[in-house]
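A closer look at the structure
Listed below, chain by chain, are the residues.
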Amino acid sequence: MGEQPLTVDSAAEPAVEIRRSARRRRTVSAYREGDRIIVLVPARLTKVQERTLVAEMVSKIQARDQRLKPSDSRLAGRAEALSARYLGGLARPTSVRWVSNQRTRWGSCTPMDGTIRLSHRLQGMPEWVVDYVLLHELAHLLQPGHGKSFWSLLDGYPHLARARGFLEGVAHADGLPTQDADDGAESGDIGAGEASG
């Protein structure tokens, strides 16, 4: 089996290792190993076929990585789009980022400085769930509490009840404490229990 690094134009691209196998007849597969992408190909492929198939497999791995671990910049772009669509563009956060120190909260925001933080535990959940949490935090930039005026800002989101139910189920399965939306949560925070209230 030979190894062959793929030449990549950008320094941000991962290293790619190609492993040819005489036993492999038709299938091409790829997986991530640390900071490298390993691509397994049949030994009989031509260089042109190999280049094409390796590029496809690397693209698939990177797309999967993006879905599972979306970047802060993508999250900020999503926040801008959600604000425009559901809040008339009025919610304008100064920063939106993923954090790993929120164990009992899905998201939080600080209305005073316009920062929004989403728990890394949301990564890999359906996009409509992440959108709900992000929209929830955006609404807090306009309305700090969880009163009727706050919830009226979210009325237009079509997956509101479904996303709240999904998060309630995850919180229950994880054994997290539940609480009503207005019961003890700080202004600007969506806790695990808030999915229900």
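Preceding block: the structure.
How each quantity is defined
- Residues numbered from 1 in each chain as written.
- Predicted model: local features only at pLDDT ≥ 70, side-chain atom pairs only at ≥ 80, totals over all residues.
- Heavy atoms only, no water.
- Axes fitted to C-alpha atoms, helices over the stretch in contact; angles between N-to-C directions.
- Helix = DSSP H or I, 4+ residues; strand = E, 2+ residues; numbered from the N terminus.
- Parallel < 35°, antiparallel > 145°, perpendicular 65-115°, else oblique.
- Contact = heavy atoms within 4.5 Å.
- Nonpolar A, V, L, I, M, F, W, Y, C, P; charged D, E, K, R; others polar.
- Salt bridge = Lys/Arg side-chain N within 4 Å of Asp/Glu carboxyl O.
- Buried < 20%, exposed > 50% of the residue type's maximum accessible area, 1.4 Å probe, protein only.
- Core = buried A, V, L, I, M, F, W, Y, C linked by side-chain atoms within 4.5 Å.

Where helix α2 (residues 72-86) contacts helix α3 (residues 127-142), the two axes come as close as 10 Å, and the packing angle between them is 70°. When the axis of α2 is compared with that of α3, the two are roughly perpendicular. Only E127, V130, D131, L134, L135 and L138 of α3 make contact with α2, whose side of the interface consists of R74, L75, R78, A79, L82, S83 and Y86. Residue composition of the contact of α2 with α3, by class: eight nonpolar, one polar and four charged.

Here the structure, examined in full by the defined rule, presents seven salt bridges. One salt bridge in this structure joins R20 and E50, with 2.6 Å as the shortest N-O distance. Of the two residues, R20 sits in strand β2 (residues 15-21) while E50 sits in helix α1 (residues 47-68), which places them 30 residues apart along the sequence. Judged by its relative accessible area of 3%, E50 falls in the buried class. Between R36 and E33 there is a salt bridge; the shortest N-O distance is 2.4 Å. Here R36 falls in the partly exposed class, since its relative accessible area comes to 27%. The network of salt bridges with shared partners includes E17, R19, E33 and R36.

Judged by nonpolar contacts, the single largest core of 33 residues is most densely connected at L118, L122, Y132, L134 and L138. Secondary structure elements with two or more residues in this core: α2, β5 (95-99), β6 (105-110), β7 (115-119), α3, α4 (148-154) and α5 (160-173). With near-sequence residues (within four places) excluded, L138 lies in contact with A79, L82, S83, L87, A91, P93 and I116. If you look at the next biggest cluster of nonpolar residues, it comprises 11 residues, including I18, V39, M57 and I61.

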